[in-house]
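Report on the structure
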Amino acid sequence: MSSSQKVIFNCLAKDVENAKEIVKVAGDRVLIGIMVKSFPDTQSAIDEVKLYQENNIPVSVGLGAGDPAVWKQVADVSAKTIPNHINQVFPASGYTLGRMEEVGAQNTIINALIKPSGTPGQVIIATGPDSSRFEETVSAELAAVTLAEMGVDSVKFYPIDGEKRLDEVAAMVKAAVGAGIKYFEPTGGITLDNVEVIVKTCLENGAEVVIPHLYTSLIDKATGETKIENIEKLVSIEW
């Protein structure tokens, strides 16, 4: 893995053409999110993912605002398309990994959604459709070790509220690294202005690969497209 691949940007595209432009600039340092919540049914989402894949676009299958209600659709869409990356709630991440192994997926990154609690080193893993009613916390170390036991290799930490939770980000990264988890995905309120300090916090605390999610902050509100100049700025940052 080259040093540039220490950081992979997860972003959105208005359509396939916009996605192709993004990939042309960012290459293997970008994932294009497709949110299953945006589709009327599972098959529609499958068709869209396949369309992007036919155009050599690396796809991240997502929930849509972390909505736990669509966790099963995420697993179903992913099993039919074998995307590059999958976003999943913590309780369903092991199930999703099992589904992917059954269809022979070798290189798909699967994350598990963990919520910061407001206290560094204490996190919320109850991110499923029913468990999310509960706000009990566990240690970041327990959350990370549990994921590692399940075989899941990425933590999605959401919402981090931009730079407001860097101490919590640092504590979760350290726990994930201690459990042997390779990927860390900070999400929520990340912009061109704060992405550098957030990613550096992850790298300085030992994360091997950081996948920041930058969605609406990169989009031209008039056209709905992700601005290519924003992608160019992202890939020009030195880590």
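Look above for the structure.
For the structure given in this document, a descriptive report is provided here. Computed from a predicted model, the values in this text were never measured in an experiment.

**Looking at the nonpolar core**
Grouped together as the largest cluster of nonpolar side chains are 64 residues, with contacts concentrated most on Ile32, Ile114, Val155, Phe157, Met172 and Phe184. In contact with Phe157, not counting residues within four places along its chain, are Ile114, Lys115, Pro116, Val123, Glu168, Val169, Met172, Phe184, Glu185, Pro186 and Thr187.

**As for helix 4 (residues 90-102)**
By the burial criterion, the buried members of helix 4 are Phe90, Ala92, Ser93, Thr96, Leu97 and Met100. Axial view of helix 4: buried residues confined to an arc of 155 degrees, hence all on one face. With respect to the buried face of helix 4, the exposed residues turned more than 90 degrees away are Glu101 and Glu102. At the exit of helix 4 stands Gly104, carrying a positive phi of roughly 80 degrees.

**Structural notes on the packing of helix 3 (residues 71-81) against helix 4**
The contact between helix 3 and helix 4 brings their axes to 9 Å, and the two run at 20 degrees. Here helix 4 runs roughly parallel to helix 3, going by the angle between their axes. By crossing handedness, the relation of helix 3 to helix 4 is classed as right-handed. Residues Trp71, Lys72, Ala75, Asp76, Ser78 and Ala79 of helix 3 form the contact with helix 4, whose participating residues are Ala92, Tyr95, Thr96, Arg99 and Met100. For the contact of helix 3 with helix 4, the residue count by class is six nonpolar, two polar and three charged.

**A word on the environment of Glu208**
Structurally, Glu208 is set in the loop between helix 7 (195-204) and strand 10 (209-210). Overall, Glu208 belongs to the partly exposed group, its relative accessible area being 41%. Once the C-alpha coordinates of Glu208 and Ala148 are considered, the two residues, 60 residues apart in sequence, prove to be 15 Å apart.

**As for the pattern of salt bridges**
Taken as a whole and judged by the stated rule, the model has eight salt bridges. For Glu17, the salt bridge is made with Lys20, and the minimal N-O distance between the two is 3.5 Å. Taken together, the positions of Glu17 and Lys20, both in helix 1 (residues 16-26) and three residues apart, correspond to about one turn of that helix. Looking at Glu17, the relative accessible area reads 49%, which means it is partly exposed. Residues Lys200 and Glu196 are paired through a salt bridge, measuring 3.2 Å at the closest nitrogen-oxygen approach.

Each value, and the rule that gives it
- Residues numbered from 1 in each chain as written.
- Predicted model: local features only at pLDDT ≥ 70, side-chain atom pairs only at ≥ 80, totals over all residues.
- Heavy atoms only, no water.
- Core = buried A, V, L, I, M, F, W, Y, C linked by side-chain atoms within 4.5 Å.
- Buried < 20%, exposed > 50% of the residue type's maximum accessible area, 1.4 Å probe, protein only.
- Contact = heavy atoms within 4.5 Å.
- Helix = DSSP H or I, 4+ residues; strand = E, 2+ residues; numbered from the N terminus.
- Arc of directions from axis to C-beta.
- Axes fitted to C-alpha atoms, helices over the stretch in contact; angles between N-to-C directions.
- Parallel < 35°, antiparallel > 145°, perpendicular 65-115°, else oblique.
- Left-handed = near helix turned anticlockwise from the far one by under 90°.
- Nonpolar A, V, L, I, M, F, W, Y, C, P; charged D, E, K, R; others polar.
- Salt bridge = Lys/Arg side-chain N within 4 Å of Asp/Glu carboxyl O.

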